[in-house]
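Tertiary structure, described
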Amino acid sequence: MDIVSYMFSKSIFVGIVVGILSLYAISRQKSDLHTLLLTDLVECAMLVIIAAIGTDLAEALILPGLVVGLAEFLAVSEILVYRNEMRKNNSSNNKKLKLFEEFLAKEEPYVSTVNFNKMEILYSAPKFIGFILVLYGAFLTGFTGGAIMASGLLFYLLSQGAIGNGVSLKDIKHSWEAISGFSGIMWAFWILLGFAGFFLFPEHYLFFLVIAGCALALKVGSKLGLIGSLRIRS
Amino acid sequence: MDIVILTLYLGYFLLILGTIGVIMGPKVSDPLNRLLNIEVPSLGLMLIFLAYNQTLALMTYIAINSIIILVFVRAIIRNEELEA
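Okay, so let's go over this structure. (Residues numbered from 1 in each chain as written. Chains lettered and ligands numbered in written order. Predicted model: local features only at pLDDT ≥ 70, side-chain atom pairs only at ≥ 80, totals over all residues. Heavy atoms only, no water.)

What follows is about helix α2 (residues 31-51) of chain B. A rise of 1.5 Å per residue sets the reference length of α2 of chain B, with its 21 residues, at 30 Å; its end C-alpha atoms lie 31 Å apart and thus fit the reference within 8%. After α2 of chain B finishes, the residue N53 of chain B shows a positive phi value of roughly 65 degrees. (Helix = DSSP H or I, 4+ residues; strand = E, 2+ residues; numbered from the N terminus. Expected span 1.5 Å × (residues − 1).)

With 49 residues of chain A in contact, the opposing surface of chain B contributes 44 residues. Summing both partners gives a buried area of about 4,400 Å² for chain A against chain B, and 76% of it is carried by carbon and sulfur. Summed over the shared surface of chain A and chain B, the number is one salt bridge. The salt bridge involving R74 of chain B is made with E78 of chain A; its shortest N-O contact spans 3.0 Å. Linking chain A with chain B are eight residue pairs in polar contact (both at pLDDT 80 or more). Those elements that provide at least two residues to the side of chain A that touches chain B are α1 (3-28), α2 (32-51) and α3 (56-88) of chain A. Sort the elements by how many residues they give to the side of chain A that touches chain B and α3 of chain A lands first, with 15 residues. (Contact = heavy atoms within 4.5 Å. Buried area = accessible area lost by both parts, 1.4 Å probe. Salt bridge = Lys/Arg side-chain N within 4 Å of Asp/Glu carboxyl O. Polar contact = N/O pair within 3.5 Å; in protein donor to acceptor, adjacent residues only side chain to side chain.)

A separate point is helix α4 (residues 120-140) of chain A. Residues and elements named next belong to chain A. A rise of 1.5 Å per residue sets the reference length of α4, with its 21 residues, at 30 Å; its end C-alpha atoms lie 31 Å apart and thus fit the reference within 8%. The largest bend along α4 measures about 30 degrees and falls at P126. The complete set of buried residues in α4 reads L122, A125, P126, G130 and G137. Positive backbone phi, approximately 55 degrees, marks T141, located one or two places after α4. (Bend = angle between axes of the 7 residues up to and from the residue. Buried < 20%, exposed > 50% of the residue type's maximum accessible area, 1.4 Å probe, protein only.)

Purely spatial values, then, with no claim about function.
In structure tokens:
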């Protein structure tokens, strides 16, 4: 008897105990912020129950669960803050909030004084490092490859922004639309062509697997690369 | 006993004890204390992932966990500012 099937019932038991305890605590809670914090515990219980299956499929189910959970927490905390603000001061203080304002630097203390023109590494290295990362990401394919590819693009664009020869705002607008459109087309390739192909023509599974992997890499890479163009100075 | 089973039991122990700590630990009426207590069950969850050999899930959970802490700290700071 292997370890996964030996420990299956124990893992499920622990997950259900944690879930029941945290749900009971949520039901007794008055404050919204505490409820939000306790929701994190419920997510832990859910992840334990999925992980108890112990196969590759369970791992593949955990990854989107984590990302969706993060987006959920971000949205709910934003709504909570906004509602509290609306309730507290309706007209007195109409300050606009930026996302993650607390963690951003108030001013740039060093960047303006450093002379970037004298740093040779900013001109020669980023192209090489970005090229290597994009090549390696294309070789990996899939979600991980897309993330590595995007980190190469991000690195290149950020360093271009730092030495001040970024593109103008007008150019960005067009390239932004183009890159997000490209990402959408790749999403369609990944889901419609790749995934549907698995189920419709199982005998040609290798072909559709390659399509899905490459399309996912390009989609993730282009989508995350958009973050880099945000930083470019106009 | 195998070291994998030991890791798994340590994960169960931290998960259940941490859950009880989050729900009725000392001074949890302060949201920041409750947020810090949440780290204990998440460490237990990471040990369980480690015992089940789910590398990608473990790495993604570590990354996501640090971002979730930022989100919660931001919500707590905002709330405190508004109540003060």
